[in-house]
Amino acid sequence: MITALAGGVGAAKFLTGLVKLVNGKDLTIIVNTGDDIELFGLHVSPDVDIVTYTLAGIVDEEKGWGIKGDTFRCLEELRKFSREAWFNLGDKDLATHMFRTALLKNGLTLSNVTVQISQALGLDVAILPMTDDKFETRIMTANGSIHFEDYLVKRGAKDRVLGVEFLGAESANPATGVVESIMDAKLVVICPSNPIVSIGTILAVKGVRDAIRRTEAKKVAVSPIIAGAPVKGPADKLLRGLGHEVSAYSVAKLYSDFLDTFILDLSDSAEKDKIEKLGIEVKVTNTIMKSLEDKIQLARTVLES
Ligand code: GDP
């Protein structure tokens with residue numbers, strides 16, 4: 001059994017390679033829900049949807065999120081009524097959010113709904129939201145604390161990050177199966193995702209970090225930082241805002257209490273010795289995932305670790 005911790009785009013690219021090498025039934029993916037947001041009465045779960053759409057082969061690959069070929073007519077109409085229509089909700093994508101919200105209103109959990117959606121889209125991997133409870137990532141800025149999507153999408157990650165807070169972290173329980181899948185795994189993979197607001201959130205859910213420390217599984221992380229910068233997204237701004245240098249080493253250090261092996265990009269090979277001094281084994285390879293072959297090759301390196 002393999003368990004992967006995942007955010008959105010970086011993780012989904014990596015998992016595309018991994019599912020080509022392992023049986024879907026042997027894979028559990030625990031996904032960040034700190035970015036979840038209610039918009040126009042609908043529950044949107046961005047990272048869960050990115051992973052689901054990507055593995056189902058329907059993601060808009062250019063954007064990395066949403067459904068390929070989707071249109072935005074509903075959003076255009078909404079913009080006539082409200083300046084709050086800033087989140088990119090495609091017409092087909094809206095069907096997912098409507099279905100999810102209706103089931104949640106009927107008392108199902110986010111995990112129950114996620115199973116239904118992923119099965120309907122033909123997936124056999126288990127996609128598990130990290131929690132079924134309220135957990136909200138907020139970014140502290142000079143203008144106060146704002147929802148992560150407000151920071152990222154509405155305001156274009158322009159505010160200086162003064163801190164990060166996880167609302168609900170004290171009370172949110174891991175979804176059923178999260179801790180069990182970590183304890184039963186032979187391998188726990190930390191996908192190349194934002195270490196603060198994608199992996200950091202999962203690790204902040206009660207009992208998760210502790211389970212990862214205790215499990216006998218081998219723990220392998222892929223660096224989301226290449227040549228001292230993220231491939232995409234605001235990981236640099238968040239790392240810097242929290243007082244960390246922007247480097248692969250910083251990410252390895254954040255995981256050093258549990259990590260066995262760190263997969264470092266060729267362009268960061270100068271950091272190998274420093275990371276090894278943290279007591280972590282380092283493998284250096286190409287981690288830039290452009291083609292399907294890149295994704296499979298990176299997944300193979302992780303499996304062989
Ligand atoms: P988000 O929630 O959509 O931002 O997705 P994630 O948290 O999963 O991914 C963001 C991280 O993925 C960023 O730090 C990127 O640098 C990293 N990432 C994206 N593409 C690649 C890639 O091809 N290779 C590696 N190593 N990291 C990547």
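Above this text you will find the structure in question.
Quick look at the structure, then. (Residues numbered from 1 in each chain as written. Predicted model: local features only at pLDDT ≥ 70, side-chain atom pairs only at ≥ 80, totals over all residues. Heavy atoms only, no water.)

**Here we look at empty space enclosed by the protein**
Then, number 1: Within the structure shown, the criterion is met by 1 cavity of 30 Å³ or more.
Then, number 2: Of the volumes computed, that of the largest cavity is approximately 40 Å³.
Then, number 3: In terms of residue class, the lining of the largest cavity is built from 3 nonpolar, 3 polar and 4 charged. (1 Å grid on protein atoms, 1.4 Å probe; cavity = no way out; pocket = protein on both sides within 12 Å on 5 of 7 lines; lining within 4 Å. Points joined across faces, edges and corners; volume = space filled by probe spheres on them. Nonpolar A, V, L, I, M, F, W, Y, C, P; charged D, E, K, R; others polar.)

**Focus on the packing of helix α1 (residues 9-21) against helix α13 (residues 292-303)**
Then, number 1: Axis separation between α1 and α13 bottoms out at 7 Å; the angle between their running directions is 70°. The angle between α1 and α13 falls in the class roughly perpendicular. Contacts from Lys13, Phe14, Thr16, Gly17, Leu18, Lys20 and Leu21 in α1 reach Leu292, Lys295, Ile296, Leu298, Ala299, Arg300, Val302 and Leu303 in α13.
Then, number 2: For the contact of α1 with α13, the per-class residue count stands at 9 nonpolar, 2 polar and 4 charged. (Axes fitted to C-alpha atoms, helices over the stretch in contact; angles between N-to-C directions. Helix = DSSP H or I, 4+ residues; strand = E, 2+ residues; numbered from the N terminus. Parallel < 35°, antiparallel > 145°, perpendicular 65-115°, else oblique. Contact = heavy atoms within 4.5 Å.)

**Observations concerning the sheet that holds strand β6 (residues 136-141)**
Then, number 1: In spatial order, the strands read β7-β6-β8; together these 3 strands make up an open sheet with antiparallel pairing. In this open sheet, the two strands that pair with only one neighbour each are β7 (144-147) and β8 (163-167). Averaged over neighbouring strand pairs, the angle between their axes works out to 35° when direction is ignored.
Then, number 2: Direction of pairing for β6 relative to β8: antiparallel, over a ladder of 5 bridges. Bridge assignment links Ile139 to a residue of β8, and that residue is Val164. (Pairing = 2+ DSSP bridges.)

**Some remarks on the site of the ligand**
Then, number 1: The environment of the ligand is formed by 21 residues, the closest being Ser193, Ser223, Pro224, Val231 and Thr287.
Then, number 2: Between an oxygen atom of the ligand and a main-chain N or O atom of Gly10, the distance comes to 3.3 Å.
Then, number 3: Thr287 is positioned such that a nitrogen or oxygen atom in its backbone is 2.7 Å from a nitrogen atom of the ligand.
Then, number 4: The fraction of the free accessible surface of the ligand (590 Å²) that becomes covered by protein chains is 94%.
Then, number 5: For the shell around the ligand, the element with the most residues is α1, which contributes 4 residues.
Then, number 6: Here the shell around the ligand is composed, by residue class, of 10 nonpolar, 8 polar and 3 charged. (Near = heavy atom within 4 Å. Polar contact = N/O pair within 3.5 Å; in protein donor to acceptor, adjacent residues only side chain to side chain. Areas by Shrake-Rupley, 256 points an atom, 1.4 Å probe, with all protein chains shown as cover.)

**A few points about the pattern of salt bridges**
Then, number 1: Scanning the model with the defined rule gives 13 salt bridges in all.
Then, number 2: Among the ionic pairs, Arg155 bridges to Asp159, the shortest N-O distance being 2.9 Å.
Then, number 3: Judged by its relative accessible area of 34%, Arg155 is partly exposed.
Then, number 4: The salt bridge involving Asp257 is made with Arg209; its shortest N-O contact spans 2.8 Å. One end of the pair, Asp257, is in the loop between α11 (248-254) and β13 (261-265); the other, Arg209, is in helix α9 (residues 208-214), with 48 residues separating them in the sequence.
Then, number 5: Beyond isolated ion pairs, a larger network of salt bridges with shared partners links Lys134, Glu136 and Arg138. (Salt bridge = Lys/Arg side-chain N within 4 Å of Asp/Glu carboxyl O. Buried < 20%, exposed > 50% of the residue type's maximum accessible area, 1.4 Å probe, protein only.)

**Structural notes on the environment of Ser171**
Then, number 1: Structurally, the position occupied by Ser171 is in the loop between β8 and α7 (178-184).
Then, number 2: C-alpha of Ser171 to C-alpha of Ala217: the two residues are 46 residues apart in sequence and 27 Å apart in space.
Then, number 3: Beyond its immediate stretch of four places on either side in the chain, Ser171 contacts Asp133 and Lys206.

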